[in-house]
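Structural features, examined
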Amino acid sequence: MARFLPLFSVQLAHDFFGVGNELPDAAFQIEPSKSCAESMKKENLLIRTRSSGIEVWREQFDFNDVTTPFKFEFLLRSKDPYVETYTAWDMDKPFSYSDAANELGAIRLLKPRKVEEQDFGLSSFERQRHPVLCSIHLQHTLATSAQSDITQYKIQLHSKAMHWKYYFSGALAKKKLTIVDLDAESIQGVRFIPSSNVVTENSLAFVSEAKLPMRSIPTQRFQLREEDATGRVLMRRLPNASINKIGKERGPDGQSLVVAEIYIHQ
């Protein structure tokens, strides 16, 4: 029976999903390009999908003295329609991740670089259905090893940061409101300022002065209070922003801002 051993792994991490959390299956897929898949088949290489990445395996031979690096080309694709909404890319597209000198033991951090536009042998329908976000180019020897510490190629993706905008309507809109950051004592607090852009005549809106990094499960703790001497609490915990409602806002200096909108009627 043939024995297969791992060559290396390619792993993704994304700030949006939090440190150490697995990425949803629909978020990202790593697959070889068509030409790379054909070359891998000739070399009897296998791909195994793992949480947040892939592993490449090769059949072990008695005489395993292959030292010439094999050129791999993988495509990073996504089925998530919101992936561009919550991802802040390191540079404008098109770009590719490639091996870099920055390494720690068996871990190598992949870095982006600009490349020319290409279709990777995919039809326009294939590219529209599951867009190619970028490519990944590696050169790795095919010599297998029984050691458990295989080379890990890692890609770190970052979250987009957006201003949060709260819309209040109903009885709340008739009061003088203020939003308090409950974490302001331990960290620098987030301040909200009134917005002149509202949905209706009888509504209020507040926008965060600073951008906040988007998260699948936000950790912010905002509280709604009356803006008077008593500071009566109206809502102990305001709902957090999501990527489902994204809009535009005109900032105090006239600059256009992208905002994550939260609507509250009470």
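Here goes a summary of the coordinates provided. All figures in this text were calculated on a predicted structure; none of them were measured in a lab.

Thresholds, definitions, all that
- Residues numbered from 1 in each chain as written.
- Predicted model: local features only at pLDDT ≥ 70, side-chain atom pairs only at ≥ 80, totals over all residues.
- Heavy atoms only, no water.
- Pairing = 2+ DSSP bridges.
- Helix = DSSP H or I, 4+ residues; strand = E, 2+ residues; numbered from the N terminus.
- Axes fitted to C-alpha atoms, helices over the stretch in contact; angles between N-to-C directions.
- Buried < 20%, exposed > 50% of the residue type's maximum accessible area, 1.4 Å probe, protein only.

**Digging into the sheet that holds strand β5 (residues 69-77)**
- Spatially, β2-β5-β11-β7-β10 is the arrangement adopted by the five strands of the open sheet, whose pairing is mixed. The open sheet is flanked by β2 (29-32) and β10 (111-114), the only strands paired with a single partner. Going across the sheet, the axis of each strand differs from the next one's by a mean of 30 degrees, ignoring polarity.
- Relative to β5, β2 runs antiparallel, the two being bridged by four bridges.

**Some details on the pairing of strand β7 (residues 95-98)**
- Side chains Phe 95 and Tyr 97 project from β7 onto one buried face, and the interleaved Ser 96 and Ser 98 project onto a second face that is buried too.
- Bridge count for β7 against β10 is four bridges, and the pairing is antiparallel. In the strand pairing of β10, Phe 95 is matched with Lys 114.
- Judged from the three bridges that link them, β7 and strand β11 (residues 132-141) form a sheet pairing that is parallel. Following the sheet pairing, Tyr 97 is matched in β11 by Ile 136.

**Some thoughts on the sheet that holds strand β14 (residues 177-181)**
- Pairing is antiparallel in the open sheet, where three strands are placed in the order β14-β18-β19. Both outer strands of the open sheet, β14 and β19 (233-235), are each paired with one neighbouring strand and no more. For this sheet, the mean inter-axis angle between neighbouring strands, taken without regard to orientation, is 40 degrees.
- Pairing analysis gives two bridges linking strand β18 (residues 222-226) to β19, with the strands arranged antiparallel. Following the sheet pairing, Arg 225 is matched in β19 by Val 233.

Shape is all these values report; function is a separate question.
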